[in-house]
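# Overview (structure and organization)
So you can see what is in the structure, the chains are spelled out below.
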Amino acid sequence: MFDRDVYRARREGLRRGLGPGIALFLGNDESPMNYADNTYRFRQDSSFLYYFGLDTAGLVAIIDLDEGTETLYGPELTVEDFVWTGPLPSLGDRAALAGVERVMAPARLEEDLGRIRQAGRAVHFLPPYRPENKLKLLAWLGVPPDRASAEASVPFIRAVVEQRSVKSPEEIAEIEKAVDISVDMHLAALRLVRPGFTEARIAAAVHQVALAAGGDLSFPIIATVHGEVLHQHAQTETLTSGGMFLLDAGAETALHYAGDLSTTMPVDGRFTDRQKDVYRIALAAHETAKSALKPGAPHLDVHLAACRMIAEGLKGLGLMKGDLDEAVRRGAHALFFPCGEGHMMGLDVHDMEDLGEVYVGYEGRPKSTQFGLKSLRLARPLRPGFVVTVEPGIYFIPQLIDQWRAENRFPEHIDYDRVEAYKDFGGLRNEEDVLITGNGHRVLGRKKPLTVEEIEALVGKADA
Ligand code: GLY
Ligand code: MN
């Protein structure tokens, strides 16, 4: 945990940003895999971590926004529990680590919330994403589970987004630690990749680095020979000569801050000429996007600059044609780049996505519905202290190409006969994590291999 004063200051900031009533924080419970005692790795809710830092299951907290009192509700473990868990600090001692003075048994919560509601006071809660927390809101506040997100407090969401978007120096140091571990994960994969190895074997080596560093993964590893499948989580294929391997993986530190990097590498250690051509276009888009990252720049413009670079490169290969400003405006490039160029990162790899992309990335304004643009998570102007990813890619998705061709979409911008020859290409991207500074940006963590030459120098260099 950070020092208790960090959590106190965050809660004080929240109180200043939020009107009267109470703020209700639902921590997470253990989540069973196949029977109650066999649980997934415990992951605390990120906003609970941000304001209270306490990383155990079954906690709920209330901040009384009018009186300024703070109460932590949670189970008090007994010696019989310690038989299984080993000794743990009392609830009071844990609360003190977060600077919270009052603790209560969970049984008191329903009663306290009942009194607060009877008094007609506002109960602010964040959108719940776990079923058990939706059921708690039903039991305590009478909120139907299918209405829980809609009835969440918009002022609470906005106040949390305002605070969590701007990372403090201690958070930046923690994120940088996560990125450094993530770089090691990618170096491990680069050195191991070779024909005949399975995706699973590489993923296991990548995961090992994260675990050995004292944390775990910030999201399930994408380790695939099918880079064109954006979130390919199956690891069932074998790497073959002439192909490419895409790793999208990041570490989460013990304090739960995320890293998120992507690397594309040739299985043989040498990109083919065709792979090099496409790789260099994606890299040019990457560098264009990165150089546009500065305070005040709308992230939408950063994304569009990357799209434009991809369109130009693909025009050079004869795959796109016509007026490229028009092509990008109308979304023709999305055949090859159907997703966003980057997203916020912090305690969550897609930071605060549970609070709603419209609030996190669009300042409450509606998102575009255009194919491609609708997947951009962040459009708002950047501010110092934001941490964002840079991850433009180029993807040849056979089913999408077939569909667009059949529908004759954008024939003035896409040469489908030429694209046909790339249907077996796959897909590629690189990804880095970047801090917006007072006058520009800084790439976080140790330098990760990016250029064709840097990648080729490393691939397959480890003993098996
Ligand atoms: N690294 C996975 C993603 O950004 O969606
Ligand atoms: Mn990412």
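What counts, and where the lines are drawn
- Residues numbered from 1 in each chain as written.
- Chains lettered and ligands numbered in written order.
- Predicted model: local features only at pLDDT ≥ 70, side-chain atom pairs only at ≥ 80, totals over all residues.
- Heavy atoms only, no water.
- Helix = DSSP H or I, 4+ residues; strand = E, 2+ residues; numbered from the N terminus.
- Rg over C-alpha atoms; globule rule 2.2 N^0.38 Å.
- Buried < 20%, exposed > 50% of the residue type's maximum accessible area, 1.4 Å probe, protein only.
- Contact = heavy atoms within 4.5 Å.
- Donors = N, O, S within 2.8 Å, 3.2 Å for Na, K, Ca; no water.
- Near = heavy atom within 4 Å.
- Polar contact = N/O pair within 3.5 Å; in protein donor to acceptor, adjacent residues only side chain to side chain.
- Areas by Shrake-Rupley, 256 points an atom, 1.4 Å probe, with all protein chains shown as cover.
- Nonpolar A, V, L, I, M, F, W, Y, C, P; charged D, E, K, R; others polar.
- Pairing = 2+ DSSP bridges.
- Axes fitted to C-alpha atoms, helices over the stretch in contact; angles between N-to-C directions.
- Parallel < 35°, antiparallel > 145°, perpendicular 65-115°, else oblique.
- Left-handed = near helix turned anticlockwise from the far one by under 90°.
- Salt bridge = Lys/Arg side-chain N within 4 Å of Asp/Glu carboxyl O.
- Expected span 1.5 Å × (residues − 1).
- Arc of directions from axis to C-beta.
- Phe/Tyr/Trp six-rings, centres within 6.5 Å; stacked < 30°, edge-to-face > 60°.

## Some points on the overall build of the protein
Summing up its helical and strand segments, the protein has 16 helices and 17 strands in all. Its C-alpha radius of gyration of 24 Å places the protein within 12% of the 23 Å reference for a compact globule of 464 residues. Projected onto its principal axes, the C-alpha positions of the protein cover 70 × 50 × 45 Å. Counting across all 464 residues of the protein, residues that qualify as buried make up 53%. Within the protein, counting contacts between residues at least 6 apart in sequence, those at least 24 apart form 73% of the total.

## Section: the coordination of the manganese ion (ligand 2)
Taken together, Asp-260 (OD), His-343 (NE2), Glu-391 (OE) and Glu-431 (OE) make up the full set of protein donors to the manganese ion (ligand 2), lying 2.1 to 2.3 Å away. The motif formed by the donor residues of the manganese ion (ligand 2), counted along the single chain, is D-x82-H-x47-E-x39-E. Linking Asp-260 in the loop between strand 11 (251-252) and strand 12 (261-266) with His-343 in the loop between helix 12 (324-330) and helix 13 (357-362), this pair joins segments that are 83 residues apart in sequence. Residue classification places His-343 among the buried positions, given a relative accessible area of 4%.

## Here's the deal with the site of ligand 1
Lining the immediate surroundings of ligand 1 are Phe-219, His-231, Asp-248, Asp-260, His-343, His-350 and Glu-391. A distance of 2.9 Å is found between an oxygen atom of ligand 1 and a side-chain nitrogen or oxygen belonging to His-343. Starting from 200 Å² of accessible surface for ligand 1 in isolation, the protein chains cover 93%. Split into classes, the residues belonging to the shell around ligand 1 amount to one nonpolar, three polar and three charged.

## With respect to the sheet that holds strand 17 (residues 441-443)
Paired through backbone hydrogen bonds, the strands of a sheet run either parallel or antiparallel to each other. Taking strand neighbours across the sheet as the criterion, the three strands line up as 13-16-17 in an open arrangement whose pairing is antiparallel. The open sheet has two edge strands, strand 13 (387-390) and strand 17, and neither has a second partner. Strand-to-strand twist in this sheet, taken as the mean axis angle between neighbours without regard to direction, amounts to 35°. The pairing of strand 16 (residues 432-436) with strand 17 spans three bridges and is classified as antiparallel. Looking at the pairing, Ile-436 lines up with His-441 of strand 17. Against the sheet, helix 8 (residues 169-192) makes contact with strand 13, strand 16 and strand 17, and its axis sits at roughly 35° relative to strand 17, the strand it touches most.

## With respect to the packing of helix 1 (residues 4-17) against helix 7 (residues 154-165)
Contact pair helix 1 / helix 7: the axes reach a minimum separation of 10 Å and the direction vectors enclose 135°. Here helix 7 runs oblique to helix 1, going by the angle between their axes. The interaxial crossing formed by helix 1 with helix 7 has right-handed handedness. On helix 7, the residues touching Arg-10, Gly-13, Leu-14 and Gly-17 of helix 1 are Phe-156, Ala-159, Val-160 and Gln-163. Tallied by class, the residues present in the contact of helix 1 with helix 7 amount to four nonpolar, three polar and one charged.

## Details of the pattern of salt bridges
One pass over the full model with this rule turns up 45 salt bridges. Here Glu-252 and Arg-41 are joined by a salt bridge, their closest N and O atoms 3.7 Å apart. Of the two residues, Glu-252 sits in strand 11 while Arg-41 sits in the loop between strand 3 (38-39) and helix 2 (46-52), which places them 211 residues apart along the sequence. The exposure class assigned to Glu-252 is buried, which follows from its relative accessible area of 5%.

## Digging into the environment of Ala-107
If you trace the backbone, Ala-107 turns up in helix 5 (residues 107-118). Separated by 34 residues in sequence, Ala-107 and Tyr-73 place their C-alpha atoms 8.5 Å apart.

## Digging into helix 1
With 14 residues, helix 1 should reach 20 Å at 1.5 Å per residue; the first-to-last C-alpha distance of 20 Å fits that figure. Along helix 1, the residues classified as buried are Val-6, Tyr-7, Arg-10, Arg-11, Gly-13 and Leu-14. Seen from one end, helix 1 has its buried residues packed into an arc of 155°, which puts them on one side.

## So, the sheet that holds strand 9 (residues 222-224)
Spatially, 9-10-12 is the arrangement adopted by the three strands of the open sheet, whose pairing is antiparallel. Edge positions in the sheet fall to strand 9 and strand 12, since each of these pairs with one other strand and no more. The mean inter-strand angle of the sheet, taken between neighbouring strand axes irrespective of direction, is 10°. Both strand 10 (residues 244-249) and strand 12 contribute to a ladder of six bridges, which runs antiparallel. Within strand 12, the position partnered with Met-244 by the bridge is Pro-266. On the sheet, helix 9 (residues 199-212) packs against strand 9 and strand 10 and is oriented at approximately 35° with respect to strand 10.

## Side note on the side chain of Asp-112
By secondary structure assignment, the location of Asp-112 is in helix 5. A relative accessible area of 5% places Asp-112 in the buried class. Within the local environment of Asp-112, its side chain forms a polar contact with the side chain of Arg-115, the two groups lying 2.6 Å apart.

## Brief notes about the packing of helix 10 (residues 273-291) against helix 11 (residues 299-316)
Running from amino to carboxyl end, helix 10 crosses helix 11 at an angle of 155°, the nearest separation of the two axes being 8 Å. In terms of orientation, helix 10 and helix 11 fall into the roughly antiparallel class. Seen along the crossing, helix 10 lies across helix 11 with a hand that is right-handed. Contacts between helix 10 and helix 11 pair Ile-281, Ala-284, Ala-285, Thr-288 and Ala-289 from the former with Val-302, Ala-305, Ala-306, Met-309, Ile-310, Gly-313 and Leu-314 from the latter.

## With respect to the packing of aromatic side chains
Summed over the entire model, instances satisfying the criterion amount to 14 aromatic pairs. On the numbers, 5.3 Å between centres and 90° between planes, the contact of Phe-25 with Phe-156 is edge-to-face. Remark: Phe-156 occurs in helix 7 and Phe-25 occurs in strand 1 (residues 22-26); sequence separation between them is 131 residues. One exposure class covers both Phe-25 and Phe-156, and it is buried. Note on Phe-271 and Tyr-279: the rings are 4.8 Å apart at their centroids and 45° apart in plane angle, and the pair reads as tilted. For Phe-271, a relative accessible area of 5% corresponds to the buried category.

That's the geometry; what it means functionally is another story.
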